[in-house]
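A look at the structure
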Amino acid sequence: MNQDQQTQLKKSVAEAAARYVAQNLKAGAILGVGTGSTANLFIDALRPIKEKIRGAVASSENTARKLTEIGIPLVALNDIDSLPIYVDGADEIDASFAMIKGGGGALTREKIIADVADCFVCIADASKVVAVLGNFPLPIEVIPMATAQVARAVVALGGTPVLRKGFVTDNGNHILDVSGLSITDPVALESALNQIVGTVTNGLFARRGADVLLLGTLNGVETRT
Ligand code: 5RP
């Protein structure tokens, strides 16, 4: 698949997600919105149905800006008790709907919103589906003073961490992009990485994966549950 085709698939899946929201989000409900190029296309696709959406919880400052631009009011996660639907992209997704996320660096806020949401709708083009997670380097958000110590702990687990240069998360932290990990048990690895002191979040979304996958393929958008 070339880049133009991938962008086209991202666009069709974003439009399918807007239809999904139009059909499934109850009038007056709040929507969770992810981060990244697919999520940006999803926000564009929300324009025609924005009156149906009372407000949205944004997973990053970029997403918040885009939602504001199209006139969807922002809602703080602390001001709501529940969130029926969260729509977001992924860097990789496997058959159990476990994902690697955080290519855009928004993993912590994304994981918090996913935890609150009743239904996580993953929007992805076909290139994101993998048999085993881990070809895409796993992002880990770390407290800046702990960066070297977390990197050593990751090396001890068999990974090769690289500091994402010139990047600071919306929470003021660093990102280590970790390659070389064997992710045959994503739930166990997610938990093991959570134990490293100084990590904020890791980009494995396995303990709470997606519930619905809208997958953009060259033959159209598939809905997988
Ligand atoms: C951002 C994310 C994104 O969902 C992920 O990186 C996919 O991005 P894109 O839609 O641009 O391929 O997790 O932190």
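Basis of the calculations
- Residues numbered from 1 in each chain as written.
- Predicted model: local features only at pLDDT ≥ 70, side-chain atom pairs only at ≥ 80, totals over all residues.
- Pairing = 2+ DSSP bridges.
- Helix = DSSP H or I, 4+ residues; strand = E, 2+ residues; numbered from the N terminus.
- Axes fitted to C-alpha atoms, helices over the stretch in contact; angles between N-to-C directions.
- Contact = placed C-beta atoms within 7 Å.
- Buried ≥ 20, exposed ≤ 12 C-beta atoms within 10 Å, placed from the backbone.
- Parallel < 35°, antiparallel > 145°, perpendicular 65-115°, else oblique.
- Left-handed = near helix turned anticlockwise from the far one by under 90°.
- Nonpolar A, V, L, I, M, F, W, Y, C, P; charged D, E, K, R; others polar.
- UniProt positions renumbered as here; feature names shortened; annotations may be inferred.
- Arc of directions from axis to C-beta.
- Near = placed C-beta within 6 Å.

Focus on the sheet that holds strand β13 (residues 220-224)
Read across the open sheet, the 6 strands follow the order β2-β1-β3-β6-β12-β13; overall the sheet is mixed. In this open sheet, the two strands that pair with only one neighbour each are β2 (55-58) and β13. Each neighbouring strand pair of the sheet contributes to a mean axis angle of 20 degrees, computed without reference to strand direction. Lying over the sheet, helix α1 (residues 3-24) contacts β1 (30-33), β3 (83-88), β6 (117-125), β12 (212-217) and β13, oriented at roughly 155 degrees with respect to β6. Each of β1, β3 and β6 is contacted by helix α2 (residues 37-46), which is oriented at about 105 degrees to β6, the strand it contacts most.

Considerations on the pairing of strand β9 (residues 174-179)
Most of β9 sits out of view: 5 of its 6 residues are buried. Where strand β8 (residues 160-163) meets β9, 4 bridges bridge the pair, whose relative direction is antiparallel. Across the sheet, the residue bridging to T160 is S179, located in β9.

Considering the packing of α2 against helix α3 (residues 61-70)
For any two helices packed against each other, one specifies the crossing angle of their axes together with the interaxial distance. At a minimum axis distance of 10 Å, the contact between α2 and α3 shows a crossing angle of 15 degrees. Between α2 and α3, the interaxial angle falls into the category roughly parallel. As for how α2 packs across α3, the hand of that crossing is right-handed. The residues of α3 that touch α2, namely those facing A39, N40, I43 and L46, are T63, K66, L67 and I70. Across the contact of α2 with α3, the residue classes tally to 5 nonpolar, 2 polar and 1 charged.

Points about the UniProt feature "active site" (unreviewed entry) in the chain
The UniProt feature table records "active site" (unreviewed entry) at E110. For E110, the location among the structural elements is in helix α4 (residues 107-116). Sequence-distant contacts of E110, that is, excluding residues within four places in its chain, are made with G34, T35, S59, D88 and K101.

A short note on helix α6 (residues 186-194)
Considered for burial, the residues of α6 that qualify are P186, L189, E190 and L193. The buried residues of α6 occupy one face: seen down the axis, they fall within an arc of 105 degrees.

Some remarks on the site of the ligand
For the ligand, the set of nearby residues contains 17 residues, the closest of which are G36, T38, G89, G103 and G104. Elements represented by at least two residues in the shell around the ligand include exactly α2 and α4. Residues belonging to the shell around the ligand are distributed by class as follows: 3 nonpolar, 10 polar and 4 charged.

Brief notes about the sheet that holds β9
Overall, antiparallel pairing links the 4 strands, which are arranged β8-β9-β7-β10 in an open sheet. Each end of this open sheet is capped by a strand with a single partner; those strands are β8 and β10 (199-202). Neighbour-to-neighbour, the strand axes of this sheet turn through a mean angle of 30 degrees, independent of strand direction. Sheet topology places strand β7 (residues 138-142) next to β9; 5 bridges connect them, and they run antiparallel. Note on β9: the bridge partner recorded for L138 is V178. Along the sheet face, α4 touches β7 and β10 and points at about 65 degrees away from the line of β10.

What about the packing of α1 against α2?
Close contact between α1 and α2 brings their axes to 8 Å; oriented N to C, the two are set at 50 degrees. Our classification of the angle between α1 and α2 gives oblique. Here α1 runs over α2; the crossing is right-handed. Counted together, K10, K11, V13, A14, E15, A17 and A18 of α1 and S37, T38, L41, F42, A45 and L46 of α2 form the full contact between these two elements. Its residues assigned to classes, the contact of α1 with α2 shows 8 nonpolar, 2 polar and 3 charged.

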